[in-house]
Amino acid sequence: MYWDQPPTPTDKRPKKIYMYIPKHFYPKELVPPDIFNQRGNQAIELIDERVLITLDKLRETFGTCVINDWMFNDEGRYTQSGLRTSDSDVYSPTSQHTFGRAMDCKFKDYSGEEIRKHVIENKALFPYITFIEDDVSWFHFDVRNCERITLWSPNTKKAVLV
Ligand SMILES: [Zn+2]
């Protein structure tokens, strides 16, 4: 894959890469194990480019952040925090996770609540985030087609514009 192999000396033509390759996340962190085993790094094609750009911006702003950690150690707990597939217990056909448009971020140095507050106060830094879940310990954002930013609580089922 392109990120494993630098251009060879015989390859004189400049490479034009139009896709966005995240600086701070491997593709396997963003998809479940089955999908990575099937598709390898090409699994990145299943994640919306706006999500990838936003993840890098969040990482550069708030520091270390875990999405899935199944590949790092045996105690890895998360397999469904990025792309979600129909074999998942928490699968929903209409979830933004199903379309590669949502991520559940766990930051090392900040709670989900702190991240929500910072992002809402600095919306201009995160132009692609349209939807945030409230009342959860992680930071769920997605890039669905809706008025921005919609803050929705899974407890009250109420949505407000923030
Ligand atoms: Zn989520």
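Within each chain, residues carry numbers counting from 1 in the order of the written sequence. Since the coordinates come from a predicted model, pLDDT governs what is reported: local features require at least 70, and pairs of side-chain atoms require 80 or more to be given and counted, while whole-chain, interface and lining totals use all residues.

A.B. asks: Quick one: what's the story with the nonpolar core, residue by residue and with numbers?
C.D. replies: Any nonpolar core is a set of buried residues, restricted to Ala, Val, Leu, Ile, Met, Phe, Trp, Tyr and Cys, that join up through C-beta atoms within 7 Å. Working definition of burial: number of other C-beta atoms within 10 Å of the residue's own, with buried at 20 or more, exposed at 12 or fewer, and partly exposed in between, all C-beta atoms being placed from the backbone. Counting 27 residues, the largest nonpolar core has Met 103 and Phe 141 as its most contacted members. Only DSSP runs of H or I with at least four residues qualify as helices, and only runs of E with at least two residues qualify as strands; both kinds are numbered from the N terminus onward. Listed by contribution, the elements that provide at least two residues to this core are α1 (33-39), α2 (49-62), β2 (102-107), α3 (112-121), β3 (131-133) and β4 (139-142). Of all the elements, α2 adds the most residues to this core, at 4 residues. Here the contact rule is simple: place C-beta atoms from the backbone, and any two residues whose C-beta atoms are within 7 Å are in contact. Residues within four places of Met 103 in sequence aside, it is in contact with Val 51, Leu 55, Ile 67, Ser 81, Gly 82 and Phe 141.

A.B. asks: Talk me through the sheet that holds strand β1 (residues 65-66); I want residue IDs and the actual numbers.
C.D. replies: Across the sheet, which stays open at both edges, the 6 strands sit in the order β1-β2-β4-β3-β5-β6 with mixed pairing between neighbours. Sheet topology places β1 and β6 (159-161) at the edges, where each strand pairs with a single neighbour. Pairs of strands are assigned from DSSP output, requiring at least two bridges between the strands. Summarising the sheet, β3 and β4 pair through 2 bridges and their orientation is antiparallel. Within the sheet, the bridge partner assigned to Ile 132 lies in β4 and is Phe 141. Relative to β2, α2 is tilted by about 15 degrees, and along the sheet it contacts β1, β2 and β4. Only C-alpha atoms enter the line fits that serve as axes; for helices the fit covers just the stretch in contact. Angles between N-to-C directions range over 0 to 180 degrees. Strands β2, β3 and β4 of the sheet are contacted by α3, whose axis makes an angle of about 40 degrees with β4.

A.B. asks: Quick one: what's the story with the environment of Pro 32, residue by residue and with numbers?
C.D. replies: Tracing the backbone shows Pro 32 in the segment before α1. When the C-alpha positions of Pro 32 and Ser 88 are compared, they lie 9.1 Å apart, and in sequence the two are 56 residues distant.

A.B. asks: Hey, could you go over the environment of Trp 138 for me, with residue numbers and the actual values?
C.D. replies: Structurally, the position occupied by Trp 138 is in the loop between β3 and β4. A C-alpha to C-alpha distance of 7.8 Å links Trp 138 and Glu 113, two positions 25 residues apart in sequence. Setting aside anything within four residues of it in sequence, one finds Trp 138 in contact with Asp 104, Cys 105, Lys 106 and Gly 112.

A.B. asks: Just give me the short version of the pairing of β4, but keep the residues and values in it.
C.D. replies: Along a regular strand, successive side chains alternate from one face of the sheet to the other. Residues Phe 139 and Phe 141 line one face of β4 and the alternating positions His 140 and Asp 142 line the opposite face, and both faces are buried. Here 4 bridges tie β2 to β4, and the two strands are oriented antiparallel to one another. Of the residues in β4, the one forming a bridge with Met 103 is Phe 141. Between β3 and β4, which pair antiparallel and follow one another directly, the connecting turn spans 5 residues, one of which, Asp 135, has a positive phi of 60 degrees.

All quantities given are derived from atomic positions and should not be read as evidence of function.
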